[in-house]
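# Coordinates in review
Listed below are the residues making up each chain.
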Amino acid sequence: MEILDLFIVALMPVLKTLLITAVGLLIAIDRIGLLGPDARHHLNNIVFYVFTPALMVSNLSETITLDSMITLWFMPVNILLTFLIGSILAWLLIKITRTPKHLHGLVIGCCSAGNLGNLLLIIVPAVCDETNSPFGDSSTCSTNGEAYASLSMAVGAIYIWSYVYMIMRVFANKTTEDIDTHDSTMSITFSGEPSETFSGTCTEALLPSRDCPSSDDHSAYQVDLPRIRSVGKVSILNQIIERTKKFAGHINLKMVFAPSTIGVIVGFIIGIISPIQKLMIGDSAPLRVIISSASLLGEATIPSMTLIVGANLLKGLRRSEVGLILIVGVIAVRYIVLPLLGVVIVKAAHSWGMVGSNSLYQFILMLQYALPPAMSVGTITQLFGAGESECSVIMLWTYAVASFSLTFWSTFYMWLVS
């Protein structure tokens, strides 16, 4: 197939996504106000609690079986690699650009978590339906592609609400602690000349004693500090245990078992356990109405989420606090470094027998490295109230550039596997 034909095939699903996003942006402006902050909040809750779990249950139960799970075992590993490599690249970006502390979690989230859900569910069926598609029969391609995209969405949701949520929570807590420490430091006031003793309020975070020390007491503290540090030394094993406990303390099981994760678990149970599958899946299944209803609800997920994406981008048009270097760095990580590494990883896995010869499967594995940041990152920033406006700016520019990068990488990947 010629490069021009592949380019047109890759361009069509991106244009569909852009059109729906533009509609969301349009109806969110103040003059229209159909998707204002309140409406967006309620629609986001409906998507989170109803539409997305229904989509997970219906898609996974109809497309994933025990045999397919064995065949597709490398996909969860591949997605995990996108998160880990993205986190490492994000940390390097933070060090190079000297990103402020309160944005560390946001940068790691944007670089590590890709939009593994609604974009793949839009792109893959659209690519399969094109007459010049390199993936063979459209019906077979759509069936297999839906299974691959559904599994990608399910695994991505689990990683986002466990790994990314935990990292962003850690940095949000660190930022809060720094602010509290700064406030407690600033709470000390002075009266009289600098040579006089403290007359302000002392807090426990600042000093170990209940009373304020006079200037004569400073020498005693300076002598005692080295001795205290030597006594406080603990073994490396104890340090590891303490840090592990502290790290585990940041895990929020309520968010790990979010509605989307519960939908994934239910979908896997229905699809993998044969007796339950026979009860619910198929034209003659006695309980088929349950999956049909879930599928009907799930169909609203993609347009709703895409409209919310467009409406959220409106914030990015109104704010520009994020530095240009940081935005360019995130774009370079997501659209240059990660996609190139994805080619190396997938091709290496194929040569080592970890990935079969299915061209559509290889295409999706590569495409998982070239997607824009997950919109769930914006949801997490709203939960913690940290970096919300900065996230809107990053999302605006990354999704604007995605219209070109996704088309380019989709074309290149199709040429590579065809």
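This structure is a prediction, so every number in the text was calculated from the model and none was measured. (Residues numbered from 1 in each chain as written. Predicted model: local features only at pLDDT ≥ 70, side-chain atom pairs only at ≥ 80, totals over all residues. Heavy atoms only, no water.)

Before going further, it helps to spend a moment on helix 16 (residues 359-367). Quick reminder: α-helices carry 3.6 residues per turn. Residues three or four places apart thus point the same way. Most of helix 16 is tucked away, with nine of its nine residues classed as buried. Here helix 16 starts with a cap whose side-chain oxygen sits 2.9 Å from the backbone nitrogen of leucine 360, and that cap is asparagine 358. (Buried < 20%, exposed > 50% of the residue type's maximum accessible area, 1.4 Å probe, protein only. Helix = DSSP H or I, 4+ residues; strand = E, 2+ residues; numbered from the N terminus. Polar contact = N/O pair within 3.5 Å; in protein donor to acceptor, adjacent residues only side chain to side chain.)

For the structure shown, the criterion picks out 14 aromatic pairs. A connected cluster of aromatic rings, assembled from ring pairs, spans Phe408, Trp409, Phe412, Tyr413 and Trp415. (Phe/Tyr/Trp six-rings, centres within 6.5 Å; stacked < 30°, edge-to-face > 60°.)

Turning next to the state of the cysteines. Inspection of every chain in the model, using the stated rule, returns one disulfide. Here cysteine 128 engages in a disulfide with cysteine 141; their sulfurs sit 1.9 Å apart. Since a negative S-S torsion denotes a left-handed disulfide, the cysteine 128-cysteine 141 link at about -60° is left-handed. Of this pair, cysteine 128 sits in helix 6 (residues 118-129) while cysteine 141 sits in helix 7 (residues 138-186); the two residues are 13 residues apart in sequence, bridging distant segments of the chain. Judged by relative accessible area, cysteine 128 falls into the buried class, the value being 1%. (Disulfide = S-S within 2.5 Å.)

Positive phi outside glycine occurs at arginine 98, with the angle close to 55°. With respect to the helices, strands and loops of the structure, arginine 98 is situated in the loop between helix 4 (74-97) and helix 5 (104-112).

Turning our attention to helix 18 (residues 388-417). When the local axis directions of helix 18 are compared, the greatest deviation, roughly 40°, occurs at alanine 402. Within helix 18, 21 of the 30 residues are buried, which leaves it mostly tucked inside the rest of the structure. (Bend = angle between axes of the 7 residues up to and from the residue.)

Once that is clear, we can look at the packing of helix 15 (residues 324-351) against helix 16. Orientation of helix 15 relative to helix 16, taken along the N-to-C sense of each, is 145°, at an axis distance of 9 Å. Every pair of crossing elements has a handedness; the one defined by helix 15 and helix 16 is right-handed. The segment helix 15 lies against helix 16, with Gly342, Val346, Lys347 and His350 engaging Gln362, Leu365 and Met366. Of the residues that constitute the contact of helix 15 with helix 16, the class distribution is three nonpolar, three polar and one charged. (Axes fitted to C-alpha atoms, helices over the stretch in contact; angles between N-to-C directions. Left-handed = near helix turned anticlockwise from the far one by under 90°. Contact = heavy atoms within 4.5 Å. Nonpolar A, V, L, I, M, F, W, Y, C, P; charged D, E, K, R; others polar.)

Turning our attention to the environment of valine 264. Structurally, valine 264 can be placed in helix 11 (residues 259-272). Overall, valine 264 belongs to the buried group, its relative accessible area being 1%. Here the alpha-carbon distance between valine 264 and leucine 151, two residues 113 residues apart in the chain, equals 8.8 Å. Once you skip the residues sitting within four places of it in the chain, valine 264 turns out to touch Met56, Leu60, Ala154 and Ile158.

Turning our attention to the packing of helix 15 against helix 18. For the pair helix 15 and helix 18, the least separation of the axes is 10 Å and the interaxial angle reads 25°. Taken together, the axis directions place helix 15 and helix 18 in an arrangement best described as roughly parallel. The element helix 15 and its partner helix 18 pack so that their crossing is right-handed. Touching Ile327, Val330, Ile331, Tyr335, Ile336, Pro339, Leu340, Val343 and Lys347 of helix 15 are Val393, Ile394, Trp397, Thr398, Tyr399, Val401, Ala402, Ser405, Trp409, Phe412, Tyr413 and Leu416, all from helix 18. (Parallel < 35°, antiparallel > 145°, perpendicular 65-115°, else oblique.)

Let's shift gears to a nonpolar patch on the surface. Together, Leu66, Ile70, Phe257, Ile262, Ile265, Val266, Ile269, Ile272 and Ile273 make up a nonpolar patch on the protein surface, roughly 740 Å² of accessible area in all. Residue assignment for the nonpolar patch shows that the elements contributing at least two residues are helix 3 (66-71) and helix 11. At five residues, the largest contribution of residues to the nonpolar patch is made by helix 11. On the basis of relative accessible area, isoleucine 272 is assigned to the partly exposed category, the value being 30%. (Patch = residues over 30% accessible without salt bridge, like charges linked within 9 Å, V, L, I, M, F, W, Y side chains within 5 Å. Areas by Shrake-Rupley, 256 points an atom, 1.4 Å probe, with all protein chains shown as cover. Salt bridge = Lys/Arg side-chain N within 4 Å of Asp/Glu carboxyl O.)

Bringing the environment of glycine 145 into the picture now. By the secondary structure assignment, glycine 145 is in helix 7. For the pair formed by glycine 145 and isoleucine 364, sequence separation is 219 residues and the distance between their alpha carbons is 8.4 Å. Filtering out sequence-adjacent residues up to four positions away, glycine 145 remains in contact with Val124, Leu360 and Ile364.

Let us now look at the side chain of glutamine 362. By secondary structure assignment, the location of glutamine 362 is in helix 16. Excluding anything up to four places from it in sequence, glutamine 362 contacts Val346, Lys347, His350, Val355, Gly356, Ser357 and Val417.

What follows deals with the nonpolar core. Core analysis: the biggest nonpolar cluster contains 97 residues, and Phe363 and Val377 have the highest contact counts within it. With 17 residues, the top contributor of residues to this core is helix 7. Beyond its immediate stretch of four places on either side in the chain, phenylalanine 363 contacts Phe135, Ser410, Tyr413, Met414 and Val417. Ala28, Leu43, Val47 and Phe51 belong to the second-largest nonpolar core, a separate cluster that totals eight residues. (Core = buried A, V, L, I, M, F, W, Y, C linked by side-chain atoms within 4.5 Å.)

So, to be careful, I would describe these as geometric facts and stop short of saying anything about function.
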